[in-house]
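Descriptive analysis of the structure
Here is what each chain is made of, one letter per residue.
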Amino acid sequence: MEALLLIDVQNDFLGGGSLAVVGGDEVIPVINKLQEHFQLVIATQDWHPISHKSFVSNHPGKSVYDVIEVRGKSQILWPDHCVQASDGASLSGKLSQHRIEAVFRKGTNPEIDSYSAFYDNERLKSTGLADFLRGRGVKRLYIAGLAGDFCVYYSAKDAISEGFVTYIIEDAVRSVYPEKFPAVVADVLKQGGFVIDSTDLLGT
Ligand code: VGL
Ligand code: ZN
């Protein structure tokens, strides 16, 4: 069984959003086509309380993209984004949603950031995604969405370590720091994952 995992296709990561990823909107038509190819489609939402420690507004005197220590770990300070139940946290209205069977939310603990769809960054809590996928007989997991160098990357690493045959669909991903994406690709390949194009699945 194969599944398509859509990472954080939320308004705040798209044009006009508070943490807009350059070119982010371009993944949506690709993802909408990809969904027709899969029997199982699931999605994630970044879903932060307003008090979240990754928000620059909760660190007076600091600037966006500063790196600070939180609980002994380095933390990038992000513009406030994906506040629980806000419009910015909603899945894009341009995203086809009728095939999405389940949505897993992450980043709800105000103290800990959560890039992966599977675990928070300190691995204290599971979202339940791995057990959900195993329960549905999923062996191969295809990942698309935003951002390639954060939530897609961390989700792919955890998917590999959870034993899924893991593919990042490169043309269905955009990154916060696009110049860092080649290192993401290299690491995912090194760990035993795969990086493909949507045309490898859909043809041209
Ligand atoms: C993400 C930064 C902060 C992501 C989430 O979805 O990649 N990036 N929160
Ligand atoms: Zn976030």
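It should be noted that the structure appears before, not after, this text.
Throughout what follows, the structure given in this document is the object of discussion. Predicted model, so just to flag it, every value in this text is computed and none were measured.

**Topic: the site of ligand 1**
Around ligand 1 sit D8, D46, W78, Y115, L146, A147, F150 and C151, and those are all the residues in its vicinity. The residue makeup of the shell around ligand 1, split by class, is six nonpolar, no polar and two charged.

**Focus on the environment of G24**
Looking at where G24 falls in the secondary structure, it is placed in the loop between β1 (2-7) and α1 (27-35). Residues G24 and V176 lie 152 residues apart in sequence; the distance between their C-alpha atoms is 9.3 Å. Residues in contact with G24, not counting those within four places in the same chain, are F13, L14, G15, L146 and R174.

**Let's talk about the pairing of strand β6 (residues 140-146)**
Summarising burial for β6: six of the seven residues are buried, a large majority. Two strands pair when backbone bridges link them, and β1 and β6 are joined in this way by six bridges, in the parallel orientation. Paired with I7 across the bridge in β6 is G145. With helix α3 (residues 151-161) bridging β6 and its parallel neighbour strand β7 (residues 165-174), the resulting β-α-β unit is right-handed.

**Brief notes about the sheet that holds strand β5 (residues 100-106)**
Spatially, the six strands line up as an open sheet ordered β5-β2-β1-β6-β7-β8, and their pairing is parallel. The sheet is open, and its two borders are formed by β5 and β8 (194-196), each paired with just one other strand. For this sheet the average axis-to-axis angle between neighbouring strands, irrespective of direction, equals 25 degrees. Sheet topology places strand β2 (residues 41-46) next to β5; six bridges connect them, and they run parallel. Within the sheet, the bridge partner assigned to D46 lies in β5 and is K106. α1 rests against β1, β2, β6 and β7 of the sheet, and its axis sits at about 140 degrees to β7. In this fold α3 packs onto β1, β6 and β7, with an angle of close to 165 degrees to the strand it touches most, β6.

**Some details on helix α4 (residues 181-190)**
Among all positions in α4, only F181, V184 and V188 are buried. One face of α4 carries all of its buried residues, which in axial projection span an arc of 50 degrees. Counted as exposed and oriented over 90 degrees from the buried face of α4: P182, A183, A186, L189 and K190. The secondary structure elements touched by the buried residues of α4 are α3, β7 and β8. Directly beyond the C-terminal end of α4, a positive phi value near 105 degrees is found at G192.

**Quick look at the pairing of β7**
Burial of β7 is extensive: seven of the ten residues sit out of reach of the surface. Note that β6 and β7 share six bridges and pair parallel. Bridge assignment links L141 to a residue of β7, and that residue is T166. Relative to β8, β7 is paired through three bridges, and the arrangement is parallel. Residue pairing for β8: I169 is matched across the bridge by I196.

Rules and cut-offs
Residues numbered from 1 in each chain as written. Chains lettered and ligands numbered in written order. Predicted model: local features only at pLDDT ≥ 70, side-chain atom pairs only at ≥ 80, totals over all residues. Near = placed C-beta within 6 Å. Nonpolar A, V, L, I, M, F, W, Y, C, P; charged D, E, K, R; others polar. Helix = DSSP H or I, 4+ residues; strand = E, 2+ residues; numbered from the N terminus. Contact = placed C-beta atoms within 7 Å. Buried ≥ 20, exposed ≤ 12 C-beta atoms within 10 Å, placed from the backbone. Pairing = 2+ DSSP bridges. Right-handed = clockwise from strand over helix to strand, strands pointing away. Axes fitted to C-alpha atoms, helices over the stretch in contact; angles between N-to-C directions. Arc of directions from axis to C-beta.

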